Amino acid sequence: ADLEMAATASRLPFEKMTLEEAQFFEDLINEENKNHIRNYKLFLYIRNKILQMWVDNPKVQLVIEDILNKIDPPLAKNENILILRIFKYLERYNYINYGVFKRITPLTSMPLAKVIVIGAGIAGLTAARQLREFGFRVVLYEARDRIGGRIATFRKGQYVADMGAMVVTGLGGNPLAILSKQISLDLVKVKQKCPLYDTNGRMIQKDRDEIIEKEFNKLLEATSYLTHNLDFDCKIDNKAISLGDALEILIKLQEKFVKKKQIEHYAKLIGEQEKFKSMSDKLFEVKNKIKLLSHNLESLEEQKIKGDCVHEFEILCAKRELKLKCQEFNDITVCLEEMQKKMTAMEENQPCGVYLNIADRQVLDWHFANLEFANATPLSKLSLKHWDQDDEFEFTGPHMTVRNGYSCLPIALSEGLDIRLASAAKCIKYTESGVEVEIESTKPCASLNIKTAKTEVEKADAVLVTIPLGCLKEKKPTLFDPALPKWKSDAVDRLGFGNLNKIILCFDKIFWDPHLNLFGQVPLMTKSRGESFLFWNLYKAPVLLSLVAGESASLMENVSDDIVISRCIAVLRAIFGNNQVPQPREAVVTRWKSDPWSRGSYSFVSVDSSGSDYDILAEAITPKNSSVPRVFFAGEHTIRNYPATVHGALLSGLRESTKIADAFIGGL
Ligand code: FAJ
């Protein structure tokens, strides 16, 4: 990587200090320092150079000696103290030496303090690993009998499929780019081509599909214009409105607009017809007049008296009058022809009276279902104003999937950690002197097939809570002692936690186009638009993954596996034909909302919430009379710029390890 690439890969501006950096190195760059301009440039050069060394080889711990040896003279000559300071900063703030790498220097043998991490999902594992690097004693408690949380891979024989997270949304700036260099993650680009089929299995015409997709984008742009460009506070009767409400209002307005255009067209056509009629009447009048004039002329000519100049003048006048009338007749005829043509054209080009016909609305509903999948909630629950507040932080590069299964990541991160499986935190007590966590075993008792009530209490200096937001919502009244402060508890209530489910179907052989990663079926009805609307073909073995999003995601959880699977197979049979689609050899149906250790899939910005609730959920709690915070929070629901994602959860874990180190080891 060059210096610029290394900075971008680390989510840092290449030619600028971040606010955090500017605060940290204030002494170097404040204007009272006579070298402040030089220092600023020097800082950026050293910082980017260290990042470059890490990005180039993240498999091995980067140590100060390496850097001192490799930083190019003359710029950084005799700047060893500054280099060390920048190195330590980058290490504490987890820009270097994170993930799975070979350590060169030994870990501290005398741990500084003890931290309990609750939850062995990606946030918990990353934080625990980093805290261990910083010299803490760390114990992880995980309620399930496996690690990974919402990263969960189904593996059976040749079959591999992700039941939770599966997409890596671009590698540019993504910490997973570093992890993918450290461990074996088989990242494969997702081909975006996605043919859509109607409910009879006919493929939707490409041009129609494109027109509706454009309309979908136009509707979304209109909601964004409403929110950001117009002075509209996104409230009706003082109640915040949802993205779904706004879209349906816009569709109604479009329908009204189309009707208005149609009425205008017909009014114009009627006007033309009336004009045509009065012109035709005029023609009739002129024709009669011509008859009269010709008759008059004929009789004048019959009475012709030679040499009578008055009579001759009368004939000349009559001829002239007749000629003028004939001219008028011709002009009116031409005019009528023109009018006729215009009316025919108007009749032939009648505007459509409906904005979307039934088939168009089904395709539009498919796009809405896709948006409900990305947000894991019906559009009617998303905040119109803030639902896409994290868009500007999107990583660059194509979306990828992990072909060998995403669980490789938590497994690699868990190496060497003290993890207690099947151990749920039941109560987290926090005081000025530390924390006590009541742990309950979740292992079913073999004889009675009930959960054992065996509990133990673990003490530590601090606790890091990475429990999903869905569980916090459900368990917060009893999980914390003392109860969470109101500012925190209200944010837990406000922020949304959605649902998304998958149906994994494993077959003997492929009956779909193996070159496609995606295909979809448009829904029959708006209400059930999220049910098996999209299929993913990602793995080496013949596996299809079907998504159930929107309202259907939670409804589906009350239906038996057999019914869910047969409904999904029916969709495939409509597309590929009854004879082509056999019963699956293996099938898995997820139920993330019913899962007691997730209670849903991932967070979203609900109607009454905003991006700042993520910040509130990230804030640590300092007990009364304590000099340090004791309860820290990580997880995808605590990271405003990268919520609802694996990389977000990972970055939140890194962030909290820094906070804990700052609190217990002290600043640098
Ligand atoms: O591809 O990055 C995906 N890619 C992604 N994240 C996804 C995605 C979705 C997505 C893509 C792009 C942008 C946004 C989202 C699309 C979807 O396919 N996919 C996805 C699909 C499903 C079905 C789910 C459920 C999730 C996704 N996600 C979200 C990520 O998986 C999560 O954001 C991330 O994995 C969260 O990590 P975390 O560390 O914050 O949370 P958990 O739940 O993994 O770990 C918490 C642990 O605490 C669990 O292991 C749990 O058992 C444990 N626990 C709970 N209560 C406890 C406890 N342990 C002890 N005591 C207790 N009382």
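Conventions we followed
- Residues numbered from 1 in each chain as written.
- Predicted model: local features only at pLDDT ≥ 70, side-chain atom pairs only at ≥ 80, totals over all residues.
- Heavy atoms only, no water.
- Helix = DSSP H or I, 4+ residues; strand = E, 2+ residues; numbered from the N terminus.
- Buried < 20%, exposed > 50% of the residue type's maximum accessible area, 1.4 Å probe, protein only.
- Contact = heavy atoms within 4.5 Å.
- Areas by Shrake-Rupley, 256 points an atom, 1.4 Å probe, with all protein chains shown as cover.
- Near = heavy atom within 4 Å.
- Polar contact = N/O pair within 3.5 Å; in protein donor to acceptor, adjacent residues only side chain to side chain.
- Pairing = 2+ DSSP bridges.
- Axes fitted to C-alpha atoms, helices over the stretch in contact; angles between N-to-C directions.
- Core = buried A, V, L, I, M, F, W, Y, C linked by side-chain atoms within 4.5 Å.
- pLDDT = per-residue confidence, 0-100.
- Parallel < 35°, antiparallel > 145°, perpendicular 65-115°, else oblique.
- Nonpolar A, V, L, I, M, F, W, Y, C, P; charged D, E, K, R; others polar.

Undergrad: How should I be thinking about the overall build of the chain in this particular structure?
TA: Looking only at helices and strands, the chain features 19 helices and 26 strands. Based on the C-alpha atoms only, the size of the chain along its principal axes is roughly 140 × 75 × 50 Å. A burial count over the chain gives 51% of its 668 residues as buried. When contacts within the chain are restricted to residue pairs at least 6 apart in sequence, those whose partners lie at least 24 apart make up 76%. Summed over all atoms, the accessible surface of the chain reaches about 33,100 Å², with 54% contributed by carbon and sulfur.

Undergrad: Help me understand the site of the ligand in this model?
TA: If you check the shell around the ligand, you find 39 residues, and the closest are Glu142, Arg150, Val167, Ala425 and Val646. One of the side-chain nitrogen or oxygen atoms of arginine 150 is found 2.7 Å away from an oxygen atom of the ligand. Here a nitrogen atom of the ligand sits 2.8 Å away from a polar atom, N or O, in the main chain of alanine 425. Look at the ligand: alone it shows 1,100 Å² of surface, and the protein chains cover 96% of it. Only α7 (122-134), β5 (167-169), β12 (423-431) and α19 (646-664) provide two or more residues apiece to the shell around the ligand. Per-element tally for the shell around the ligand: the top contributor is β12, with three residues.

Undergrad: I would appreciate a short explanation of the sheet that holds strand β10 (residues 399-402) in the present structure.
TA: By definition, the strands of a sheet pair up through backbone hydrogen bonds, in either a parallel or an antiparallel sense. An order of β5-β10-β6 is seen for the three strands of this open sheet, with the pairing classed as antiparallel. The open sheet terminates on both sides in strands that have one partner only, identified here as β5 and β6 (187-189). Strand-to-strand, the axes of this sheet are offset by a mean angle of 35°, without reference to chain direction. Two elements, β6 and β10, share three bridges in a ladder whose sense is antiparallel. Each residue of the ladder has a partner; that of valine 188, found in β10, is threonine 401.

Undergrad: What's the story with the nonpolar core in this structure? I'm lost.
TA: Proteins that are soluble and globular tend to have nonpolar side chains buried together. Residues Ile46, Ile50, Phe136 and Leu409 are the most contacted members of the largest nonpolar core, which totals 77 residues. Considering every element that reaches this core, the biggest residue donor is helix α4 (residues 36-56), with ten residues. Apart from residues no more than four positions distant in its own chain, leucine 409 is found in contact with Ile122, Ile151, Leu176, Leu179, Ile183, Leu185 and Val646. Core analysis: the second largest hydrophobic core is formed by 56 residues, Leu219, Cys234, Ala376 and Leu518 among them.

Undergrad: Help me out: how do you make sense of the confidence of the model for the chain in this one?
TA: In regions of low pLDDT, the predicted coordinates are not meant to be interpreted in detail. Overall, the prediction assigns the chain a mean pLDDT of 95, with 98% of residues at 70 or greater. With a pTM of 0.91, the predicted complex shows an ipTM of 1.00.

Undergrad: It is not clear to me how the packing of helix α8 (residues 175-182) against α19 should be interpreted in this structure. Could you clarify?
TA: Helix-helix packing: each pair is described by the crossing angle between the helix axes and the interaxial distance. Between α8 and α19, the shortest axis-to-axis distance is 9 Å and the interhelical angle comes to 90°. Overall, the two elements α8 and α19 adopt an arrangement that is roughly perpendicular. Here Pro175, Leu176 and Leu179 of α8 lie close against α19, whose contacting residues are Val646, His647, Leu650 and Leu651. By residue class, the composition of the contact of α8 with α19 is six nonpolar, one polar and no charged.

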